[in-house]
Amino acid sequence: GAVVSQHPSWVICKSGTSVKIECRSLDFQATTMFWYRQFPKQSLMLMATSNEGSKATYEQGVEKDKFLINHASLTLSTLTVTSAHPEDSSFYICSARKDRGLGNTFGSGTRLTVV
Amino acid sequence: TQLLEQSPQFLSIQEGENLTVYCNSSSVFSSLQWYRQEPGEGPVLLVTVVTGGEVKKLKRLTFQFGDARKDSSLHITAAQPGDTGLYLCAGVKAGNMLTFGGGTRLMVKP
């Protein structure tokens, strides 16, 4: 089966610092990965589409300079929250799309708390 | 504005009852997926429906895709406490991009 590993599962950081979240496809190559944000008791909101070897495509309203996405290999995408503020505290989830097929497999999410 | 309207947003029922969750949109999707999410975890795919009018069954869960591929429903028969969770529908468009509904938080009381 397709497995996506997300790390860390939770992180607490000080306001003004940067945090990097990793999303790895463990047993398949993912040319495309997606990053979502989920506030408590709400649904998932797509932040950006990460394409291997090219720039990410950000959804309207998402600051690309604040949420840096790098997809340097077919198995790894990273999301860096730069100069984090308390309002960035949220649950961040990635998903990876297999090179072929219909499926998206989700990571287990990262709970970010900015204090 | 959610492109996918999911209802109800919250549902609390007793064990053994039946329930239906609806997912409606004005957009046509190539397929539609249903996920279940536990607190602190990522969504887990339950089913993908592709063909208009398609019905899929997963034990006590029945999923239906509307004829026009704009809406879907999830019916749970004889709900159990283990069914408690957040149920999300997601419309699939080109490039496997997902648009999520607002979610239905289900609580099944023993």
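Report on the accompanying structure.

Rules used in this analysis
- Residues numbered from 1 in each chain as written.
- Chains lettered and ligands numbered in written order.
- Predicted model: local features only at pLDDT ≥ 70, side-chain atom pairs only at ≥ 80, totals over all residues.
- Heavy atoms only, no water.
- Helix = DSSP H or I, 4+ residues; strand = E, 2+ residues; numbered from the N terminus.
- Contact = heavy atoms within 4.5 Å.
- Disulfide = S-S within 2.5 Å.
- Buried < 20%, exposed > 50% of the residue type's maximum accessible area, 1.4 Å probe, protein only.
- Phe/Tyr/Trp six-rings, centres within 6.5 Å; stacked < 30°, edge-to-face > 60°.
- Pairing = 2+ DSSP bridges.
- Axes fitted to C-alpha atoms, helices over the stretch in contact; angles between N-to-C directions.
- Salt bridge = Lys/Arg side-chain N within 4 Å of Asp/Glu carboxyl O.

Topologically, S27(B) is positioned in the loop between β3 (19–25) and β4 (31–37). With near-sequence residues (within four places) excluded, S27(B) lies in contact with R69(B), K70(B) and K93(B).

Let us now look at the state of the cysteines. Residues and elements named next belong to chain A. Taken as a whole, this structure holds two disulfides over all chains when the rule is applied. Each sulfur in the disulfide pair C23 and C94 lies 2.0 Å from the other. Because the sign of the S-S torsion sets the handedness, a value of about 80 degrees for the bond joining C23 and C94 places this disulfide among the right-handed ones. Of this pair, C23 sits in strand β3 (residues 19–25) while C94 sits in strand β9 (residues 90–97); the two residues are 71 residues apart in sequence, bridging distant segments of the chain. The exposure class assigned to C94 is buried, which follows from its relative accessible area of 0%.

Scanning the model with the defined rule gives seven aromatic pairs over all chains in all. Their ring planes at 85 degrees and their centres at 5.5 Å tell us that Y36(A) and F100(B) sit as a pair that is edge-to-face. You can see Y36(A) sitting in strand β4 (residues 32–38) and its partner F100(B) sitting in strand β10 (residues 97–100), one on each of two chains. With respect to burial, Y36(A) and F100(B) carry one shared label: buried.

Residues and elements named next belong to chain B. Strands sit in the order β1-β3-β8-β7-β6 across an open sheet of five strands; the sheet is antiparallel. Among the strands making up the open sheet, the edge pair consists of β1 (4–7) and β6 (55–58). Going from strand to strand, the sheet's axes swing by 15 degrees on average, the running direction of each strand aside. Bridge count between strand β7 (residues 61–65) and strand β8 (residues 71–76): five bridges; the pairing is antiparallel. When the bridges of β8 are listed, F65 appears paired with S72.

Residue and element names in this part refer to chain B. Applying the stated criterion across every chain, the model contains five salt bridges over all chains. Of the charged contacts in the structure, one is a salt bridge between R60 and D83, with a shortest N-O distance of 2.9 Å. In this pair, R60 sits in the loop between β6 and β7 while D83 sits in the loop between β8 and β9 (85–93), placing the two residues 23 residues apart along the sequence. A relative accessible area of 6% places D83 in the buried class.

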